[in-house]
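# Structural features, examined
Residue strings, one per chain:
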Amino acid sequence: MNIDNLLYLPLDIENPPLDYLDYLNNLNVNEIYDDEYRNCYHVPIMHDPNKTGELIWMPWANEMPKLQQWCEDVLFKFQKMRSRIMIITTPNGQKNPPHIDCSPGMFNTVQHKIRYVLQGNVDDLVFIGKDTTVTPTAIDKPFVMSGKWPHEMHNTSGDTKFTFASGSPWEVDPEDMDYVALLEQSRNKYPDYYLEANFDLPDDWENLFEKKYKKNTK
């Protein structure tokens, strides 16, 4: 497997618990963090609020202790480090417009992102190519996706969509044989769900970076 070509792959790992959905559904998320670029909201779970380089559990995470434990026991075991974690929150009917989840300077690196749809539709996610689009087949599993490939999402579930998401400072090390083995194991278990980037980027892909990066885009 060329891991840099991976678009989407369910992971053969334990699913996170879901005993806190009532709590999330009752949160006023638009008062926490509004992501204008992706047209959604975020509930920070692990973050660096003081910008000191120290990642800590945020107050919202303390209402979800079983999710914290899953991160410790499952996520950080294969990531081998702590990472920023948030719950991406998209109201019903709302669309995350086409976007890229990395900077132009990191585009040529392996930009794998770990996700799990806690509530909503996996197959509302769409990867965008030059002359085509690709949608994952729905499955109730955590998955890895390419954050650098242009993608969008229209929440058609009828409910608020909650997506668990881990991010930087974790970056994929192509020499991490344990991680590569997990990907191979997952592809062998879920061969019909694996998607790869076997088509061209859209012509305007460089215009899809977040505005704060535009000055660095050639």
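Predicted model only: the values in this text are computed from it and were never measured.

### Thoughts on unusual backbone geometry
A cis amide bond links S168 to the next residue, P169, at an omega of 10 degrees. Positionally, P169 belongs in the loop between β12 (161-166) and α3 (177-189). Positive phi, normally seen in glycine, also occurs at K51, with a value near 55 degrees. In this structure, K51 sits in the loop between β3 (40-47) and β4 (56-57).

### Points about the sheet that holds strand β11 (residues 151-154)
Spatial ordering of the open sheet is given by β6-β11-β8-β9, a layout of four strands whose pairing is antiparallel. Looking at strand neighbours, the two that pair on one side only are β6 (95-99) and β9 (133-134), the edges of this open sheet. With three bridges joining them, strand β8 (residues 125-128) and β11 adopt antiparallel strand pairing. Residue V126 lies in a different strand from β11, and its bridge partner there is E152.

### Focus: the side chain of S166
Along the chain, the position of S166 falls in strand β12. Judged by relative accessible area, S166 falls into the buried class, the value being 2%. Only 2.9 Å separates the side chain of S166 from the side chain of Q79, close enough to count as a polar contact. S166 has contacts with L75, Q79, S83, R84, I85, I114 and R115, leaving out every residue within four places of it along the chain.

### Re the pairing of strand β1 (residues 6-10)
Each regular strand displays side chains that alternate between the two surfaces of the sheet. Most of β1 is tucked away: five of the five residues are buried. Relative to strand β13 (residues 195-196), β1 runs antiparallel, the two sharing two bridges. Residue pairing across strands places L6 opposite E196, the latter belonging to β13. Pairing geometry for β1 and strand β10 (residues 143-146), over three bridges, is antiparallel. Within β10, the position partnered with P10 by the bridge is F143.

### Looking at the pairing of strand β5 (residues 85-90)
Here β5 lies mainly inside the structure; five of its six residues are buried. As judged from the five bridges shared by β3 and β5, these two strands associate in the antiparallel manner. Across the sheet, residue V43 finds its bridge partner in β5, namely I87. As paired strands, β5 and β12 are joined by six bridges and run antiparallel to one another. Looking across to β12, one finds that T89 is bridged to F162.

### Re the environment of C71
Relative to the helices and strands, C71 is located in helix α2 (residues 65-79). Among the residues examined, C71 registers a relative accessible area of 0% and is labelled buried. Sequence spacing of C71 and P16 is 55 residues, and the spatial spacing of their C-alpha atoms is 8.2 Å. Once residues lying within four places of it in the same chain are set aside, the contact partners of C71 are W57, F76, I85 and F164.

### Things to note about the pattern of salt bridges
Evaluated as defined, the whole model comprises eleven salt bridges. Across the pair E152 and K95 runs a salt bridge whose closest N-O atoms are separated by 3.2 Å. Placement of the pair is E152 in strand β11 and K95 in strand β6, with a sequence separation of 57 residues. Overall, the relative accessible area of 16% leaves E152 in the buried class. Since its relative accessible area comes to 40%, K95 is described here as partly exposed. A salt bridge links D101 to R115, with the shortest nitrogen-to-oxygen separation between them at 3.9 Å.

Calculation criteria
- Residues numbered from 1 in each chain as written.
- Predicted model: local features only at pLDDT ≥ 70, side-chain atom pairs only at ≥ 80, totals over all residues.
- Heavy atoms only, no water.
- Helix = DSSP H or I, 4+ residues; strand = E, 2+ residues; numbered from the N terminus.
- Pairing = 2+ DSSP bridges.
- Buried < 20%, exposed > 50% of the residue type's maximum accessible area, 1.4 Å probe, protein only.
- Polar contact = N/O pair within 3.5 Å; in protein donor to acceptor, adjacent residues only side chain to side chain.
- Contact = heavy atoms within 4.5 Å.
- Salt bridge = Lys/Arg side-chain N within 4 Å of Asp/Glu carboxyl O.

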